[in-house]
Amino acid sequence: MCFKIINLGNRCVLKMDHHCPWLNTCVGHANHPSFVIFIFVSIVASIQSSTLLLRTLLLVLAQYGHRVLVYFPLKLTLLWLTAFGLAICLILTLSLLLFIQMKYVLKNCTNIEDWIVGKAISRREQDRNLPPFIYPYNLGRLNNIKAFFSKDDGIHWAVRDDCGEYDLTIEQLEQKLIKESWKQPMVVVKEYNGRWFPLMFGVCVCCNIPWTDETRMPLNVGEIVQVTRFRKYWMYGHKNVSNGTRLRGWFPKPCVFSIPSTLKKDK
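Definitions and limits used
- Residues numbered from 1 in each chain as written.
- Predicted model: local features only at pLDDT ≥ 70, side-chain atom pairs only at ≥ 80, totals over all residues.
- Heavy atoms only, no water.
- Pairing = 2+ DSSP bridges.
- Helix = DSSP H or I, 4+ residues; strand = E, 2+ residues; numbered from the N terminus.
- UniProt positions renumbered as here; feature names shortened; annotations may be inferred.
- Axes fitted to C-alpha atoms, helices over the stretch in contact; angles between N-to-C directions.
- Contact = heavy atoms within 4.5 Å.
- Polar contact = N/O pair within 3.5 Å; in protein donor to acceptor, adjacent residues only side chain to side chain.
- Salt bridge = Lys/Arg side-chain N within 4 Å of Asp/Glu carboxyl O.
- Buried < 20%, exposed > 50% of the residue type's maximum accessible area, 1.4 Å probe, protein only.
- 1 Å grid on protein atoms, 1.4 Å probe; cavity = no way out; pocket = protein on both sides within 12 Å on 5 of 7 lines; lining within 4 Å.
- Points joined across faces, edges and corners; volume = space filled by probe spheres on them.
- Nonpolar A, V, L, I, M, F, W, Y, C, P; charged D, E, K, R; others polar.

Some details on the pairing of strand β6 (residues 224-230)
By the bridge criterion, four bridges tie strand β5 (residues 184-188) to β6 in an arrangement that is antiparallel. When the sheet's bridge partners are listed, Met 186 is paired in β6 with Val 225. Counting the residues between successive antiparallel strands, the hairpin from β6 to strand β7 (residues 234-240) contains three residues.

Overview of the UniProt feature "transmembrane region" (unreviewed entry) in the protein
Residues annotated by UniProt as "transmembrane region" (unreviewed entry) correspond here to residues 35-58 and 78-100. Split by type, residues 35-58 is 100% helix and 0% strand. Its first and last C-alpha atoms lie 35 Å apart.

A word on the sheet that holds β7
On the basis of which strands lie adjacent, the open sheet formed by five strands has the order β8-β7-β6-β5-β9 and antiparallel pairing. With partners counted over all chains shown, the strands left at the sheet margins are β8 (246-252) and β9 (256-258), one partner each. On average, each strand axis in the sheet is inclined to that of its neighbour by 40°, with strand direction left out of account.

Some words on unusual backbone geometry
In this structure, Lys 15 takes a positive phi of about 45° despite not being glycine. We note that Asn 24 has phi near 55°; this positive angle belongs to a residue other than glycine. Summarising the element assignment, Asn 24 is placed in the loop between β3 (18-20) and β4 (25-27).

Quick notes on the environment of Tyr 135
Secondary-structure assignment places Tyr 135 in the loop between α3 (111-126) and α4 (141-148). Residues Tyr 135 and Asp 167 lie 32 residues apart in sequence; the distance between their C-alpha atoms is 8.0 Å. Tyr 135 has contacts with Lys 15, Lys 107, Asn 108, Cys 109, Glu 113, Val 117, Arg 160 and Leu 168, leaving out every residue within four places of it along the chain. Reaching out from Tyr 135, the side chain makes a polar contact with the backbone oxygen of Asn 108 at a distance of 2.8 Å. Within the structure, Tyr 135 has its side chain in polar contact with the side chain of Glu 113 (distance 2.8 Å).

Some remarks on the pattern of salt bridges
A side chain with one charge can pair with a side chain of the opposite charge if their charged atoms come near. Per the stated rule, a full pass over the model turns up eight salt bridges. Note that Glu 171 is salt-bridged to Arg 123, the shortest N-O span being 2.8 Å. Residue Glu 171 is located in helix α5 (residues 167-182), and its partner Arg 123 is located in helix α3; the two are separated by 48 residues in the primary sequence. With relative accessibility at 2%, the residue Glu 171 sits in the buried group. On the accessibility criterion, Arg 123 (17% relative accessible area) is buried. Among the salt bridges present, the one from Glu 171 reaches Arg 124, with a minimum N-O distance of 3.2 Å. Of this pair, Glu 171 sits in helix α5 while Arg 124 sits in helix α3, and the two are 47 residues apart along the sequence. One salt-bridge network, held together by shared partners, links Arg 123, Arg 124, Glu 171 and Glu 174.

So, empty space enclosed by the protein
Applying the stated criterion across every chain, the model contains one cavity of 30 Å³ or more. Residue classes in the lining of the largest cavity are distributed as four nonpolar, six polar and one charged.

Focus on the layout of surface pockets
To find leftover empty space, a probe the size of one water molecule is rolled over the atoms. Roughly 200 Å³ of internal volume is contained in the second largest pocket. As for the second largest pocket, its lining consists of 13 residues, and the residues nearest its centre are Arg 124, Pro 131, Pro 132, Phe 133 and Asp 167. Where the lining of the second largest pocket is concerned, the elements lending two or more residues are α3 and α5. Here the element with the most residues in the lining of the second largest pocket is α5; it accounts for four residues. Across the lining of the second largest pocket, the residue classes break down as seven nonpolar, no polar and six charged.

Structure representation (structure tokens):
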């Protein structure tokens, strides 16, 4: 079972799937089934709306040529096009989201757990000496659906006969140790105020922001940042602040510079 501590509210979310910015809440064990049902109902409502709008247009078009005055001005036409377009967009996007969520339901996993399993498989492809990893909560599609909609405590879950209760936790901890060994200390050379679109760093940085709900970390010149993730124009890492806490987040790559190896040894 996977849980995650959310910086937005300093809360621990059991079996977290993701943070939904549209609902402004985290989707986890307590509300994941309701979230899937909400997506399905929204698709049905969007289909109904688009059907009614299309039927209205067909009724209007059917009146032409029959000497019937049809009041369909330009403003109403634009409103119809906007409403119909939004309904179609909702159907497509929500259908894709429902497809992704149902894949997780049939495997009895979350987005985060699926990410951990993917990295576990990748580790074993690179190191053949590691024992094979089996996702412990995949009980078969029918049992997975029953487990997804069950009202358990969110802590103890049924596992496969050939797996242990803490296999996923052990794998996640091993991945975190590897991640810690990869971290690279860097010094801040340019100040960053935490904005999502920092124009001062150029168009490429603004057009390639990380599309996640993770925070952006403000930086001051001279600070030391431990970088754990790299992208072409952005980096993710953490730094220690004065009150003893650790601040995490994304920041533009031009903000930092790698510390020379000689300075690393001195530290």
